[in-house]
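Listed here are the chains, written in short residue letters.
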Amino acid sequence: MNERRPPDEHLRLVYGYVLRHEVIQNAPRGLGLSPVEVHGAVAHLISLGLLRHHSGERFVAVPPHEAAEHVLRPLEHEIRARRAEIDEMRDRLRDFVPIFEAERPSLAAPAPVQRVESLAAVRAMIVELSEECTGEILNAQPGNGRSGGLLEEAALRDTLPIRGGVRTRLLHQHAARFDPGVRAYLDRMCAAGAEVRTAGDEFGRLLVFDRTAALIEAPDSPSVAIMIRNADVIGWMAHQYERLWQAAEPYRTGPDESAGIAQGLTGLIARLLSEGLTDAAVARRLGLSVRTCRRYVADMMASLGSESRFQAGYLLASRELRGLAVPPALAPPLGGKGSQSGS
């Protein structure tokens, strides 16, 4: 394919012209393009399979779906051949594992704990572990999908494959339901067969594969991932995950569902404010943007007539203790622009 690709507008103009006239003899004058630009577009359209030369200045415009079938089929064959080559090479290399383990047993087992500071390396690990997984994947991703941590970036941007026989569970915070980008991701995963639930309060970021390998976020830096292969530690992680999963709410869409989740978040915000947490701390705990949290708290203070955040949180918490519902007007404004990340 020509490395100097013509502008898309030129390609569309020439393709449309050939559809109407089947010739390019008068195309430069009719389209306002130079002869060089027209011929460059024609050459590129031919390489895409969208045009076929008939005779002289005559061309036939090919329907896009036919062109795609013609052009992409060789690429698909090449991909399948490469995949078969990779699988064959992997099998050949695995034949040497018993020899290595017999001669160097101390080096055969992978390190029980390994720090990974490269996004590419984390992505490669996730892909490899996903391909080798045969039973289940546990995925816990707190926040709103915009914190920029290494493990979050790899897990959310590179969708985990959903394969038959592998149970995939995703645990997010309630705030994820109100972020358009993360919500679209969760919808895709549900459609692919994953189970999704959300919880209000904060929890640790985690990926577990078959309960034999786990990736977590480094406590001292979100830009570092930790690979763990210790069975006892992973068993404890899986137990904590199960407790969070049982207490979480199944992910569903719709205005009624969103309203119920928003009301639940209201109570959490009130409790945290009554404990003296700052807006930034509340936002971090609940996976909200600081801007959303600040606007909500300001509206809440005005509605309750309170003079401080602590007083507003105390008043709302008192209502809950007395069995009184939180006024709908005080539900967090999580569905609009304020749900986007900001400081």
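Computed from a prediction, not measured in an experiment: that's the story for all the values here.

K.L.:
Help me out: how do you make sense of unusual backbone geometry in this one?
P.N.:
Comment: phi is negative for the bulk of residues other than glycine, and the bulk of peptide bonds are trans. Unlike most non-glycine residues, Asp210 shows phi in positive territory, near 55 degrees. Asp210 gets classed as partly exposed once you look at its relative accessible area, which sits at 23%. The phi torsion at Arg211 lies on the positive side, around 55 degrees, for a residue other than glycine. Secondary-structure assignment places Arg211 in the loop between strand E7 (206-209) and strand E8 (213-218). The partly exposed category is assigned to Arg211, whose relative accessible area is 34%.

K.L.:
What should I look at first to understand the side chain of Arg169 in this one?
P.N.:
Following the sequence through the fold, Arg169 ends up in strand E5 (residues 167-173). Each residue touching Arg169, except ones within four places of it in the same chain, is listed here: Glu136, Ile137, Leu138, Asn139, Glu195, Arg211, Tyr241, Glu242 and Trp245.

K.L.:
Just to check I follow, could you spell out the nonpolar core for this structure?
P.N.:
Grouped burial of nonpolar side chains is what soluble globular proteins tend to show. Ranked by internal contacts, the top residues of the largest apolar core, which has 22 residues, are Ile269, Val282 and Leu286. Listed by contribution, the elements that provide at least two residues to this core are helix H11 (255-274), helix H12 (279-286), helix H13 (290-304) and helix H14 (309-321). Top contributing element to this core by residue count: H11, with 8 residues. Contacts of Val282, omitting those with residues within four sequence positions, involve Ile269, Leu272, Leu273, Leu277 and Cys293. Counting 19 residues, the second-largest nonpolar core is a separate cluster that includes Val208, Ile228, Met237 and Ala238.

K.L.:
Help me understand the side chain of Gln141, please; the structure alone is not making it clear to me.
P.N.:
Topologically, Gln141 is positioned in strand E4 (residues 136-141). A polar atom in the side chain of Gln141 sits 3.0 Å from the side chain of Asn139.

K.L.:
Which parts of the structure should I look at to understand the packing of aromatic side chains?
P.N.:
Each aromatic ring pair is summarised here by two numbers: the centre-to-centre distance and the angle between the ring planes. Within the structure shown, the criterion is met by 1 aromatic pair. Residues Tyr241 and Trp245 carry aromatic rings whose centres are separated by 6.1 Å and whose planes lie at 15 degrees to one another, so their mutual orientation is stacked. Of the two residues, Tyr241 and Trp245 are both situated in helix H10 (residues 231-247); the distance of 4 residues between them amounts to about one turn of the helix. Overall, Tyr241 belongs to the buried group, its relative accessible area being 2%. Over the ring of Trp245 we find Arg169; its NZ or CZ atom is 5.2 Å from the centre of that ring.

Here is what the cut-offs are and how they apply
- Residue positions are given per chain, counting from 1 as you read along its sequence in written order.
- Where totals are concerned, whole chains, interfaces and linings use all residues; where local detail is concerned, this predicted model gives features only for residues with pLDDT of at least 70, and gives and counts side-chain atom pairs only at 80 or more.
- Neither water nor hydrogens contribute to the side-chain values; these are computed over all heavy atoms in the structure.
- Summary of the burial criterion: residues with accessible area below 20% of their type's maximum are buried, those above 50% are exposed, and those between are partly exposed, where the area comes from a 1.4 Å probe applied to protein chains only.
- The secondary structure listing takes helices from DSSP runs of H or I that are at least 4 residues long and strands from runs of E that are at least 2 residues long, numbered from the N terminus.
- Residues are treated as being in contact if the distance between any of their heavy atoms lies within 4.5 Å.
- Here the nonpolar core consists of buried residues drawn from Ala, Val, Leu, Ile, Met, Phe, Trp, Tyr and Cys, with membership extended through side-chain atoms lying within 4.5 Å.
- Residues adjacent in sequence count toward polar contacts only when both atoms are side-chain atoms; beyond that, a polar contact is any pair of N or O atoms within 3.5 Å, and within protein one must be able to donate a hydrogen and the other to accept it.
- We call Phe, Tyr and Trp rings a pair once their centres come within 6.5 Å, taking the six-membered ring for Trp, and we label the pair stacked below 30 degrees between planes, edge-to-face above 60, and tilted otherwise.
- Comment: the charge-over-ring label is applied if NZ (Lys) or CZ (Arg) is within 6 Å of the ring centre and within 35 degrees of the ring normal.

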